[in-house]
Each structure stands twice: as structure tokens, then as C-alpha cells.
Amino acid sequence: MNKTKSFDIPKQLIWKAYKRVSKNKGAAGVDEVSITKFEENLKDNLYKLWNRMSSGSYFPEPVKAVAIPKDTGGQRTLCVPSVFDRIGQTAATMYLEPLVEPKFHEDSYGYRPNKSALDAVYTARKRCWKNDWTVDLDISGFFDNLDHDLALQAIKKHTDCKWVILYVERWMKSPIQLADGSKVVRDKGVPQGGSISPIISNIFMHHVFDIWMKKNYPTVPFERYVDDAIVHCRTKRQAEFMKVMIEERLAKYKLKTHPEKTQIVYCKDDDRREEFPKQSFDFLGYTFRPRAAKNKMRDYFVSFLPAISNKAKKKIKKTIKSWRIHRITWTTFEEISKKIDPIVRGWFQYYGRFYKSEMYPSLRNIERYLVRWVRTKYKKLRDHGRLAKQFLGKVRKRSPNIFYHWTLGLGSKG
């Protein structure tokens, strides 16, 4: 260990953390230093961060509060740490990852290497076919209410590394700086937007929920994505029991379930004849509910299946509207495509994985705006919607791959 330093933090770890942060880009924090600006004096900035962290004199900046509109109305606060703090947090995350990853439960899917939200949706779909009931679990204000002392206790079960524990505590307690410059002191919660927050949350929920479930209810399967979980039960009685047990368990760790959003759901299909008011739940942008499906004989039946949720559809519609395609008539289809196609492809890769026909109506909105683009650009077609569609159809025939939604068959015919 370096005699002059309080902590032995490898310079290589800070370098690797910087590489990960620079790849993710992200906004500037309260110091207004962006990644680009940070990189203008890269060597000195990385040395300064390493030197302060190694000597114990590193104190994080307040996190910058950015209000993000919620789909359900209202706002949630995203907390943006400075680039210096993001690199420091990422270094601590990279130190913790190899220690905790092998111990994490296989059904914890959030922010983990080689695991994804779609994996969780796929597993939930399979288990809904095998189990008639689910508890749709929603923790009320999880990121805002996480207890600092309990979170640190959970981390200490995996490491006694002093610099990691010290700085995790400092990051959790960093005040939030509001738009008017005033600061809000935080005595609980982790900042949504900090790069250390996902691993703190996963370690906490690993001890509070995953291990407890495995030990006490090993035959009850679940999928958890940070604070969002689906618990599968054989009977209604078991679901009611599990709901109560989970609520009691969370209360011990100063968390509570959302009274409206946490619910028992009956996974109704052709083989399940019971009546129950709740027959659908939302999980990771998908709505699970009874839907028409085809069997191998090409006959229709009702199955319990996921498809893009109404909330996600509304968000897509709103985003397409915000592009104002019909107003940018000075540009070309190719330029419009360059701007929108990576986003459209991302939507389809995520929401089109299960029951993809449900998301087609959302993507058809792009075509409507392209028709309006044609009508605005060409005076002769201004009052002729049908002719504008035909014009667009001819362009599509000539160049079928300009727009991603055209490759899915969602375009005008020539």
C-alpha cells in the first residue's frame, strides 16, 4: 500500500471507470463540466480524482436535480452527479460487482451484466402459464426512502473495503441542488441517476427480498427488476398470504408497498374458469392479460400474454408528435430517417419481442406524419391525402429500406 495514502485505489480502476462513463455520455452536473470539457484536461482531472479518493479528502458535489415528467402525470426527480462523481461511483461499482454478482439471485434482472428487462418479461410469461395467480408488487417511493444505515449494513456483508463504504455513504448523503440553487439535505434514499444507485439497490433488495424468499418460500417463483417484482402463486389463498408476508417483511426495512399498484391478479385464459376483477398487470413496459393466440393447428384460443402497455404506446405517440416531421420540409427522407430510425428500431426491438402486432398502430403514426410532410412540401398535393399516400407509396417501392417501419410492412402503398 502507498504509505502516503489512506486508501489503496488502483489508478487503473479510475481509468476503466472513466472509459465506462465516457461511453455512456450523460449530462453535466452542478459544476457544468460535461464529459467533453472534462476530457480537455483528462490526465490532470483523473489524477486529481484518484489523489483525493486515495487520501480520503474526496467529497462529492451536490447532485443536480432535473425534473422528468411522469407518464402518470406529475414529476419525478432525476439526480445528475458531476462527471468526477460519476467516475468515482463507477469505480466503486466496478469494485463491488465481482463480489456481489456471483451471489445475486438468478431472478434479479435489473442493471446486471448479461441480464435484461426482456429476460424478466420472458420468464414472467412462462411462469404465468404455469401459475394461476400473481402478486404484482410495487414499492412506494423505493429510491426516495431507502434507509442509509440499512443499505450500508447490507454492503458490509460483502466487503470491508473502507474507501468503498466511506464514499458510498457520502454519495448517498450528497444534497440535491435545485434549479434555484438551493440545496435539499438527504437523510434517506439514493439518487435516481447516480451510477452507484443500481448496485446499492440490488444489494439491499438481495438481502431484504431475494434471500428471504429463497429461504422461506423456495417453491414460490418471482422476477425482480430493482423495486418492481412479480410473484407467482398456485392459488388465490397463497397469493393473499404472500402479499401480507411480503408487506410485513418490507415494513421491517422501512419500505412499504404502493396501496393501489400492488395487487393480486388472476392469469385468466381458456383453461382457467374462475372470475376475478383483476386480470391484468403491467411489468417493464408490457401489459400481461388474456389475449387471442394461435396454436400449432392454427386454431385460436385465449392465452395469458404480454404486449406493449398503453402507457408505453402513449409515450411513443407523444415522442413521434414531438419530432414534428411534417414541419421539416426543407430536409430529405434520408435525413429524417437518420434522426428517427435508431429510436424506432430500439422501440421495436424492445416492445416488438412479444405480441408485436400490438405495437404496429403506434408506429403507423410515423406514416401519418410523413403523409403530412408530402402534403406540406408539394402544393399540388396539399388537399389530396390519397394522392399524397400514393406518392409516398411510390417512394417506398423505389427505396423500401429508407424507413425502419417500412421494412416491417407499415407503409403507404403506391
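Residues numbered from 1 in each chain as written. Predicted model: local features only at pLDDT ≥ 70, side-chain atom pairs only at ≥ 80, totals over all residues. Heavy atoms only, no water.

Participant: What's the story with helix 14 (residues 385-398) in this structure? I'm lost.
Facilitator: What sets the pattern is the α-helix's 3.6 residues per turn: residues three or four places apart point alike. When the terminal C-alpha atoms of helix 14 are compared, their 20 Å separation across 14 residues agrees well with the 20 Å that a helix rising 1.5 Å per residue should span. Taken together, the buried positions of helix 14 are occupied by A388, L392, G393, V395 and R396. The buried residues of helix 14 occupy an angular sector of 160 degrees when the element is viewed end-on, so they sit on one face. In helix 14, those exposed residues whose orientation departs by more than 90 degrees from the buried face are R386, K394, K397 and R398. For helix 14, the elements touching its buried residues are helix 12 (333-351), helix 13 (360-377) and helix 15 (404-407). (Helix = DSSP H or I, 4+ residues; strand = E, 2+ residues; numbered from the N terminus. Expected span 1.5 Å × (residues − 1). Buried < 20%, exposed > 50% of the residue type's maximum accessible area, 1.4 Å probe, protein only. Arc of directions from axis to C-beta. Contact = heavy atoms within 4.5 Å.)

Participant: Mind showing me how you'd approach helix 10 (residues 236-252) here?
Facilitator: Under the 1.5 Å per step criterion, the end-to-end length of helix 10 is 25 Å for 17 residues, consistent within 8% with the ideal 24 Å. The complete set of buried residues in helix 10 reads A239, M242, M245, I246, R249 and L250. On an axial view of helix 10, the arc spanned by its buried residues comes to 130 degrees, and they lie on one face. The exposed residues of helix 10 that point more than 90 degrees off its buried face are R237 and K252. In this fold, the buried residues of helix 10 make contact with strand 3 (133-138), helix 9 (197-216), strand 7 (228-233) and strand 8 (263-266). Phi turns positive, to about 60 degrees, at K254, one or two residues after helix 10.

Participant: When you look at the sheet that holds strand 6 (residues 222-225) in this model, what are you seeing that I'm missing?
Facilitator: Sheets are built from strands that pair by backbone hydrogen bonding, the pairs being arranged parallel or antiparallel. Across the sheet, 4 strands lie side by side as 6-7-3-8; this open sheet has antiparallel pairing. The strands lining the two open edges of the sheet, one partner per strand, are strand 6 and strand 8. Adjacent strand axes in the sheet meet at a mean angle of 20 degrees when their direction is disregarded. Strand direction decides the pairing type here: strand 6 and strand 7, joined by 4 bridges, are antiparallel. Considered in strand 7, the bridge of Y225 is made with D228. This element, helix 9, spans strand 3, strand 6 and strand 7 of the sheet and lies at about 170 degrees to strand 6. Where helix 10 meets the sheet, it contacts strand 3, strand 7 and strand 8, and its direction lies at approximately 20 degrees from that of strand 3. (Pairing = 2+ DSSP bridges. Axes fitted to C-alpha atoms, helices over the stretch in contact; angles between N-to-C directions.)

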